[in-house]
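Below are the chains, spelled out letter by letter.
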Amino acid sequence: MRGRTPFAVLVVVLLAAGLLGLLALNTALNEGSFELSRLQKQTTKATDEQQSLQLEIDQSSAPDALAKRAGELGMVPAGGMAFLDVPNGGKVVGTPGPAQDSPPVKKSTVDPWPVKPSPGAQPPAQSSAQPSGSPSPQPSTQPASAPPTPAASAGDSVIQLNPVSPAPAQHGGGTR
């Protein structure tokens, strides 16, 4: 009987170690499952937010919304436009004309790009050099009306001509 006791103890220790190993494995799998569930909920929430923001962008960039916003800013529809038909020997198609609006266009008081402040963001500091009644000029990275460059119109078959000659562009040393 003496030879069986160490064998029985060894078997009991191996069974106990196996059970503890299975318990540890099961616990780790359950923790992973909870983490996966939490991440799936977070992904669903982020996807819903992305879709609502995309819907807002789509609604704001619809042609009727853009036309309404342009009218609020004092813009008027373009007059007659002329196009240069490159494949047919550079033939001018259409008659150029200035934009027409019956009443004089008033200066808009609407901010062209309203900024929605993010939570916790500080409002931009006002410059003391300008009077409070005049709007601050916005720097532009591109001139208001630049002629098409050869690289931009190389693949185009029709080029739009401006009906009025543009004012000389002033480049502030910025890069394009």
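Residues numbered from 1 in each chain as written. Predicted model: local features only at pLDDT ≥ 70, side-chain atom pairs only at ≥ 80, totals over all residues. Heavy atoms only, no water.

Novice: Help me get a handle on the overall build of the chain, residues and values and all.
Specialist: Summing up its helical and strand segments, the chain has three helices and three strands in all. For the chain, the α and β elements follow one another from N to C terminus as α-α-β-β-α-β. Across the 176 residues in the chain, those meeting the buried criterion constitute 4%. At a minimum sequence separation of 6, the contacts of the chain that also span at least 24 residues come to 55%. Carbon together with sulfur atoms contributes 63% to the accessible area of the chain, which is approximately 15500 Å² in total. (Helix = DSSP H or I, 4+ residues; strand = E, 2+ residues; numbered from the N terminus. Buried < 20%, exposed > 50% of the residue type's maximum accessible area, 1.4 Å probe, protein only. Contact = heavy atoms within 4.5 Å. Areas by Shrake-Rupley, 256 points an atom, 1.4 Å probe, with all protein chains shown as cover.)

Novice: Now, about the pattern of salt bridges: what can you tell me, with residues and values included?
Specialist: Counted under the stated rule, the structure contains two salt bridges. Residue R38 pairs with E35 through a salt bridge whose shortest N-O separation is 2.6 Å. Remark: E35 and R38 occur in helix α1 (residues 4-60); sequence separation between them is three residues, near one turn of the helix. Judged by relative accessible area, R38 falls into the partly exposed class, the value being 45%. Overall, the relative accessible area of 37% leaves E35 in the partly exposed class. For E72, the salt bridge goes to R69, with nearest N and O atoms at 3.1 Å. With E72 and R69 both in helix α2 (residues 63-72), this residue pair falls three residues apart, about one helical turn. On the basis of relative accessibility, which here comes to 38%, the residue E72 falls in the partly exposed class. Relative accessible area serves as the criterion here: at 24%, R69 is assigned to the partly exposed category. (Salt bridge = Lys/Arg side-chain N within 4 Å of Asp/Glu carboxyl O.)

Novice: Can you lay out the pairing of strand β1 (residues 82-85) for me, pointing to particular residues and giving the numbers?
Specialist: Note: β1 against strand β2 (residues 91-93), three bridges, orientation antiparallel. Within β2, the residue paired with D85 across the bridge is K91. Counting the residues between successive antiparallel strands, the hairpin from β1 to β2 contains five residues, one of them, G89, with a positive phi of roughly 80°. (Pairing = 2+ DSSP bridges.)

Novice: Provide a residue-level description of a nonpolar patch on the surface, including the pertinent values.
Specialist: On the surface, a cluster of nonpolar side chains totalling about 450 Å² of accessible area is made up of L19, L22, L25 and L29. Position of L19 relative to the elements: it lies in helix α1. We classify L19 as exposed; its relative accessible area is 60%. (Patch = residues over 30% accessible without salt bridge, like charges linked within 9 Å, V, L, I, M, F, W, Y side chains within 5 Å.)

Novice: Which residues make up the side chain of D85, and what are the values?
Specialist: Mapped onto the elements of the fold, D85 is located in strand β1. Within the buried core, D85 has no salt-bridge partner, and the shortest N-O distance to an opposite charge, that of K91, equals 6.5 Å. There is a polar contact of 2.6 Å between the side chain of D85 and the side chain of N88. (Lys, Arg positive; Asp, Glu negative; His and termini not counted. Polar contact = N/O pair within 3.5 Å; in protein donor to acceptor, adjacent residues only side chain to side chain.)

Novice: Go over the confidence of the model for the chain with me, naming the residues and quoting the values.
Specialist: When pLDDT is averaged along the chain, the result is 75, and 60% of the positions lie at 70 or above. Confidence, expressed as mean pLDDT per element, reaches its minimum in the chain at helix α3 (residues 150-153) with 44 and its maximum at α1 with 95. Of the regions scoring below 50 in pLDDT, residues 126-156 engages in 14 contacts with residues more than four places distant in sequence or in other chains. (pLDDT = per-residue confidence, 0-100.)

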